[in-house]
Amino acid sequence: MTLFHFGNCFALAYFPYFITYKCSGLSEYNAFWRCVQAGATYLFVQLCKMLFLATFFPTWEGGAGVYDFVGEFMKATVDLADLLGLHLVMSRNPGKGEYKIMVAAMGWATAELVMSRCLPLWVGARGIEFDWKYIQMSFDSNISLVHYIAMAAVVWMFTRYDLPKSFRLPVTVLLALCVYKAFLMELFIHIFLLGSWTVLLVKAVLTGAIALCSLFLFVTLVHSN
Amino acid sequence: MFEEASEVFDNMFKSSFPLTFIVFIPAVLILVSPLPAEAAHEFTVYRMQQYDLQGQPYGTRNAILNTEARTVEAEVLSRRCVIMRLVDFSYEEYQKALRQSAGAVVIILPKNMSAVPQDIVQQFMELEPEMLATETIVPIYFAMEDDELLSIYTQTLTSSSSQGSLSAAEGRHSSATVLLHTATANGFQMVTSGAQSKAISDWAITSLEGRLAGVGGEDLPTIVLVAHYDSFGVAPWLSYGADSNGSGVSMLLELARLFSKLYTYKRTHAGYNLLFFVSGGGKFNYQGTKRWLEDNLDHTDSSLLQDNVAFVLCLDTVGNGDTLHLHVSKPPKEGTPQYSLLKELESVVASQYPEVKFSMVHKKINLADDMLAWEHERFGIRRLPAFTLSHLPSHRLARRSSIMDVRPHVDVKKLSRNTKVMAEALARVVYNLTEKGTPGDLQIFTEQMQVQEEQLSAVVDWLTAQPRAAQLLDKDSSVVSTLEYHLGHYLKDVKRHYVKADKRDPEFVFYDQLKQTMNAYRVKPAIFDLLLAVCIAAYLGMMYLAIQASQNSRSSLHDLTPTNAPTHTLISSGAEKTDSYEFLIY
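The rules behind the values
Residues numbered from 1 in each chain as written. Chains lettered and ligands numbered in written order. Predicted model: local features only at pLDDT ≥ 70, side-chain atom pairs only at ≥ 80, totals over all residues. Heavy atoms only, no water. UniProt positions renumbered as here; feature names shortened; annotations may be inferred. Helix = DSSP H or I, 4+ residues; strand = E, 2+ residues; numbered from the N terminus. Domains from an automatic or database assignment. Contact = heavy atoms within 4.5 Å. Buried area = accessible area lost by both parts, 1.4 Å probe. pLDDT = per-residue confidence, 0-100. Salt bridge = Lys/Arg side-chain N within 4 Å of Asp/Glu carboxyl O. Buried < 20%, exposed > 50% of the residue type's maximum accessible area, 1.4 Å probe, protein only. Phe/Tyr/Trp six-rings, centres within 6.5 Å; stacked < 30°, edge-to-face > 60°.

- In the annotation of an unreviewed UniProt entry, chain B is listed under the name BOS complex subunit NCLN and assigned to Takifugu rubripes.
- Under Sequence similarities (unreviewed entry), UniProt gives the following word-for-word description of chain B: "Belongs to the nicastrin family."
- In its Subcellular location (unreviewed entry) section, the UniProt entry covering chain B states "Endoplasmic reticulum membrane".

- The name an unreviewed UniProt entry gives chain A is BOS complex subunit TMEM147, with Takifugu bimaculatus as the organism.
- Turning to chain A, the UniProt record has this under Sequence similarities (unreviewed entry): "Belongs to the TMEM147 family."

**Observations regarding the UniProt feature "domain: Peptidase M28" (unreviewed entry) in chain B**
In step 1: Per the UniProt record, "domain: Peptidase M28" (unreviewed entry) is annotated on residues 221-377 of chain B.
In step 2: The span residues 221-377 of chain B carries 34% helix and 21% strand; its end-to-end C-alpha distance comes to 21 Å.

**Overview of the domain arrangement of chain B**
All names here are of chain B.
In step 1: By domain assignment, chain B separates into domain 1 (39-165 + 181-198 + 516-523) and domain 2 (204-500).
In step 2: Taken together, the contact pairs 20 residues of domain 1 with 20 residues of domain 2.
In step 3: Interface of domain 1 and domain 2: buried area, both sides summed, is about 1900 Å²; carbon and sulfur atoms make up 71% of it.
In step 4: When the buried surface of domain 1 facing domain 2 is broken down by residue, Q49, M125 and E128 rank first, second and third, together holding 32% of it.

**What to know about the confidence of the model for chain B**
All names here are of chain B.
In step 1: Scored by pLDDT, chain B comes out at a mean of 83, with 85% of its residues at no less than 70.
In step 2: Of all the helices and strands in chain B, helix α16 (residues 564-575) carries the lowest mean pLDDT, 36, while strand β11 (residues 222-228) carries the highest, 94.
In step 3: Confidence over residues 34-38 falls short of pLDDT 50; this stretch has 8 contacts with residues more than four positions distant or in other chains.
In step 4: Contacts for the low-pLDDT stretch residues 555-586, under 50 throughout, to residues beyond four places or in other chains number 66 contacts.
In step 5: ipTM for the predicted complex: 0.85, alongside a pTM of 0.78.

**Examining the UniProt feature "transmembrane region" (unreviewed entry) in chain A**
Residue and element names in this part refer to chain A.
In step 1: Here the UniProt-annotated "transmembrane region" (unreviewed entry) positions come out as residues 101-123, 143-159, 171-194 and 200-222.
In step 2: In this annotation, residues 101-123 is assigned 96% helix and 0% strand; the end-to-end C-alpha distance for the span is 33 Å.
In step 3: Counting secondary structure, residues 171-194 comes out at 92% helix and 0% strand; the distance between its end C-alpha atoms is 29 Å.

**Considering the pattern of salt bridges**
In step 1: Under the criterion given, the structure shown has 28 salt bridges over all chains.
In step 2: Linking B:E135 and B:R61 is a salt bridge whose minimum nitrogen-to-oxygen distance equals 3.6 Å. One end of the pair, B:E135, is in strand β7 (residues 135-136); the other, B:R61, is in the loop between β3 (56-60) and β4 (66-71), and 74 residues separate them in sequence.
In step 3: Judged by its relative accessible area of 39%, B:E135 is partly exposed.
In step 4: What you see here is one network of salt bridges that share partners, running through A:E112, A:R117, A:D140 and A:K203.

**Describing the packing of aromatic side chains**
Residue and element names in this part refer to chain A.
In step 1: The final tally for this structure, using the stated rule, is 32 aromatic pairs over all chains.
In step 2: Ring plane angle 15 degrees and centroid distance 4.2 Å describe the contact between F10 and Y14, whose orientation is recorded as stacked. Pair noted here: F10 and Y14 are both in helix α1 (residues 3-23), with a separation of 4 residues, about one helical turn.
In step 3: Judged by relative accessible area, F10 falls into the partly exposed class, the value being 32%.
In step 4: Judged by relative accessible area, Y14 falls into the buried class, the value being 16%.
In step 5: Between the aromatic rings of F73 and F183, the centroid separation amounts to 5.5 Å while the plane-to-plane angle is 70 degrees, which identifies the pairing as edge-to-face.

**Observations concerning the side chain of B:S247**
Residues and elements named next belong to chain B.
In step 1: Topologically, S247 is positioned in helix α7 (residues 242-264).
In step 2: You can call S247 buried: its relative accessible area is 0%.
In step 3: Apart from residues no more than four positions distant in its own chain, S247 is found in contact with A242, T317, V318, G319 and L415.

Here it is in structure tokens:
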């Protein structure tokens, strides 16, 4: 709409990241370059995923409006690479668990924000046409920050040797949820024909639930040691 | 917070030089990138006429439009784009909008023009010349109605009328309600994509001439048949000019066909030259005819027009009605060919088509007028005996220059009947049948020589398939070349005549940008942005406070037992999820 509107959207999308970085104490560890490295890993992983998808999943050519359940599921499975990427980032960073998780998640989420939201916001929110979708996109970036922190935490827990037996199942379930969240959302939208605000709300609730569960597990794990 | 931000950037730039490139060059590239045009709705608009005639400006003088849409119901119209529908268009509201210095007017025409009630059509026809009579500073556009445009209109109408009623009842409403209402209102920004209109230089108006030579000695009398082919309406791109003057051209072509047939046989080859002229720029004071006469009378030594012209017959608006009028600027004297044509027409109508009311209308040429009334006056000024055949009783009737003059306005049956009348009368003059004692009810054009209704209707269909305003038909246009081909089919020596306005003192000037693409962007008022900014600031502030609070409780977290910790985090993360993990850094 105007530059002002772009400023609004930009603030909404970016300031939570900034606040998180500053207040989580990452700045005290001088973790900026580690975050940038995490971001670079993100780029590398996305590139690999894209190549893989383009090679093995040609465009679905079914009729319009038909939902290719199996195909979409297989595509979502490729997102497992994200887990590997996060693990890679964390294994290369020495330090405490929380620190590792935060660095990996911050770098990862920020790279995603810059790569996939910056340009649409600049191009779209600055145009004459007003659309709520840019505000929604900014909210969505807040949600994805939570999502990646939860995901990193779950990955960290999963890769620990001293993970108690009773934790194994819930962590695996959370891991699967994290990976297939996007797929589940797609499915919800397709089945219930949700509006864009409802989708955002459902996404927030789902992500919040995953985040709280992993937080619970994490805190229990850390304090039990 | 901002100091910290700058610290981060400082670190970034000190540590590595290439990074500045990575960050700054894309930033610069993005900053200079043009704004994208992703419109809610995109539609074609047709601009009102803009031309100068004899130094006098007419029509709208502007083409650029970038303002918010309103309807006439709104309180303030200044610098707004006023949308109106033809169905409830009124000249008073149009004038009111212009008086309030509206930024532009967009008039939405119904998609199916023939479904519009006749009185509305009639009323708009009358208004068209008034709208054009004086120059208008702001752009006036016409658009064809579609569902999207209708919904834009309805939304604008709702917000405009509620705005009007709100400001009227401001005393009763609290200012907060009004503010909220303005902040949440949906608006539409209307933007045209084209540039400012400018005069087209060196525009050539094309006219076509062709002849059928008579037989029997030198210095034969010449009969000239003239019809102008261009159309006129309030918007050039919407002027289809079916009755005026598609019907005249089709009658002329049919007459050319019939007489070319007669002139191929020795027995029916008459002692008259027939000169056919399809003139351009007829709606702009008959510019094509004017130049043709100048070329023929002043600049050439030998021309059919210079010696022995029997009469000039102009055909204008002949495709409807049960009346026929022969408009003359001087009543013909007895014994002249002009007089005999008048008599022949009378007798043909009386004996063969008694349902037609035929009359002669006498109107003197008024040289003080800006515009000539009929095409024959151009010839009258040059002292050539001339008259115009039309079913209209007066030249002032609005239907001669209206965008409402579309294909259904021509009744092919009546056009064919009028053509027949004309052909019969002309043949009787050419072969001098009355003096030879042929009865009045003898029909010449029967059987193989019949007036072909399909031919007439095909020509009218083709002519009304595209707008034929003089500004749109250059010398390469298909209308002109097809007409030329058609004439060449029947006539000899088909020639083009071009009129270009004089460079220093142009008699007519046309302007471009008559058809444009308009975008309607959905916009929110500036106050909405402010409100949104406040909301976002509040949201971010709450988040910041929540994180701060959680940091303060960090130390106390150490003392908590493992079982207690999650419940604690649960409480604070309920307020803001993003910061749930800030506890973990201890």
